[in-house]
Amino acid sequence: RMDMLCLRDGRLLFANTFDSDTAANGLYYLLGTWQALGLSQEDDVLTLVGRSSCKRELAAKASRFVRRVVEPNPAELFHTTELARLAAVPFDVQTLVNG
C-alpha cells in the first residue's frame, strides 16, 4: 500500500491510498498523480518516507523523472527528541509529536 499526500504552502491538496506491491506500480501511481496535479519535474520536491521494502527502488526510479527526490532521516530532523533515536517509531508519529 502507498499513501500519497500533496501539500502546498502547508495546505493539503491531495490525499489518497493506492494498492502498490512493487516499485513499478508505485511509480505509475506517483507519476500519474504528479502529472494530474500539475507538479513540476524540476521545481517540486518528492519526499519519500516509510518502511516499504521497495522504497529505495522507487526512489531510484522516480529520480529519473523528478529532479528532487528526498528521503528524510528522522534522527537528523528530530535530533532534539528521544523518539528520534528509536528506529521503531514511524516518521509520521515523529512528525506529529515534533511538529
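If you're wondering where the values come from, they're calculated on a predicted model, not measured in any experiment.

Draft legend 1. Representation of the overall build of the protein chain in the model. Helix and strand counts for the protein chain stand at 4 helices and 4 strands. The linear arrangement of helices and strands in the protein chain, starting from the amino end, is β-β-α-β-α-β-α-α. For the protein chain, buried positions account for 27% of its 99 residues. In the protein chain, the proportion of contacts linking residues at least 24 apart, taken out of those at least 6 apart, comes to 37%. Here the protein chain displays about 7100 Å² of accessible surface, and carbon together with sulfur accounts for 51% of that area.

Draft legend 2. How the structure looks around the nonpolar core. Judged by nonpolar contacts, the single largest core of 16 residues is most densely connected at Leu30, Leu46 and Leu58. Those residues in contact with Leu58 that lie beyond four places of it in its chain are Met2, Ala23, Gly26, Leu27 and Leu48.

Draft legend 3. Geometry of the confidence of the model for the protein chain. Per-residue confidence for the protein chain gives a mean pLDDT of 82; residues scoring 70 or more make up 73%. Helix H1 (residues 23–36) holds the highest mean pLDDT among the elements of the protein chain, 95, whereas helix H4 (residues 91–98) holds the lowest, 52.

Draft legend 4. Inspection of the packing of aromatic side chains at higher detail. A full pass over the atoms with the stated rule returns 2 aromatic pairs. Ring geometry for Tyr28 versus Tyr29: centroids 5.5 Å apart, planes at 70°, classification edge-to-face. Given the relative accessible area of 62%, Tyr28 is considered exposed. Ring-pair connections join several aromatic residues into one group, and the members of that group are Phe18, Tyr28 and Tyr29.

Draft legend 5. Geometry of a nonpolar patch on the surface. On the surface, Leu5, Leu7 and Leu12 cluster together into a nonpolar patch covering about 350 Å² of accessible area. For Leu5, the location among the structural elements is in strand E1 (residues 2–8).

Draft legend 6. Seen up close, the pairing of strand E2 (residues 11–18). As paired elements, E1 and E2 share 7 bridges and run antiparallel to each other. For Leu5, the partnering residue across the bridge sits in E2 and is Ala15. In textbook terms, the turn of a hairpin is the stretch between consecutive antiparallel strands, and for E1 and E2 this stretch comprises 2 residues, one of which, Asp9, has a positive phi near 55°.

Conventions used here
- Residues numbered from 1 in each chain as written.
- Predicted model: local features only at pLDDT ≥ 70, side-chain atom pairs only at ≥ 80, totals over all residues.
- Heavy atoms only, no water.
- Helix = DSSP H or I, 4+ residues; strand = E, 2+ residues; numbered from the N terminus.
- Buried < 20%, exposed > 50% of the residue type's maximum accessible area, 1.4 Å probe, protein only.
- Contact = heavy atoms within 4.5 Å.
- Areas by Shrake-Rupley, 256 points an atom, 1.4 Å probe, with all protein chains shown as cover.
- Core = buried A, V, L, I, M, F, W, Y, C linked by side-chain atoms within 4.5 Å.
- pLDDT = per-residue confidence, 0-100.
- Phe/Tyr/Trp six-rings, centres within 6.5 Å; stacked < 30°, edge-to-face > 60°.
- Patch = residues over 30% accessible without salt bridge, like charges linked within 9 Å, V, L, I, M, F, W, Y side chains within 5 Å.
- Salt bridge = Lys/Arg side-chain N within 4 Å of Asp/Glu carboxyl O.
- Pairing = 2+ DSSP bridges.

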